[in-house]
Amino acid sequence: QVQLVESGGGLVQPGGSLELSCAASGIGFSIYTMGWYRQAPGKQRELVATIARGDSINYADSVKGRFTISRDSAKKMVYLQMKSLKSEDTAVYYCNAQSPTGWSTKYNYWGQGTQVTVSS
């Protein structure tokens, strides 16, 4: 059974920092593309950052230079370090795991989400 469990969300003031963690189980973690997505109230879910096998990284323009994604394949963990947080970063953040490109069957897994609120 695949599980993605996020932690680390909370309330932070503008300009503050927060780190999210995602613990994965039930997948071949090292070959999956891991990512963070977010969904603000009334908006569609959007990509924040992804990190693929070989540590190829992609960021949304809105978080470049402020957020850092990383992974620890030995621990099956993926992290999102968030700095200089803004009110517009407020959202539910979801951990995501996508099967490698080229597989005949695509697998796409989601965590339950963790709330991040940036407010004074």
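The rules behind each value
Residues numbered from 1 in each chain as written. Predicted model: local features only at pLDDT ≥ 70, side-chain atom pairs only at ≥ 80, totals over all residues. Heavy atoms only, no water. Buried < 20%, exposed > 50% of the residue type's maximum accessible area, 1.4 Å probe, protein only. Helix = DSSP H or I, 4+ residues; strand = E, 2+ residues; numbered from the N terminus. Pairing = 2+ DSSP bridges. Disulfide = S-S within 2.5 Å.

So what exactly am I meant to see when it comes to the pairing of strand S11 (residues 114-118) here?
Across the two faces of S11 the burial differs, with Thr114, Val116 and Val118 buried and Gln115 and Thr117 not buried at all. Sheet topology places strand S2 (residues 10-12) next to S11; 3 bridges connect them, and they run parallel. Looking at S11, one finds that Gly10 is bridged to Val116. Where strand S9 (residues 91-98) and S11 come together, 3 bridges link them in antiparallel fashion. Residue pairing in the sheet places Val92 in a bridge with Gln115 of S11.

Please clarify how unusual backbone geometry should be interpreted in this entry.
A negative phi holds for most residues other than glycine; trans holds for most peptide bonds. Even without glycine at this site, Asp55 takes up a positive phi of about 65°. Mapped onto the elements, Asp55 comes out in the loop between strand S5 (46-51) and strand S6 (57-59).

I'm lost on the state of the cysteines in this one. Help?
Disulfides are covalent bonds that connect the sulfur atoms of two cysteines. The full count for this structure, using the stated rule, is 1 disulfide. Between the sulfur atoms of Cys22 and its disulfide mate Cys95 the distance is 2.1 Å. Residues Cys22 and Cys95 are joined through a disulfide that is left-handed, its torsion about the S-S bond being -80°. Of this pair, Cys22 sits in strand S3 (residues 18-25) while Cys95 sits in strand S9, placing them 73 residues apart in sequence. Assigned by exposure class, Cys22 and Cys95 land together as buried.

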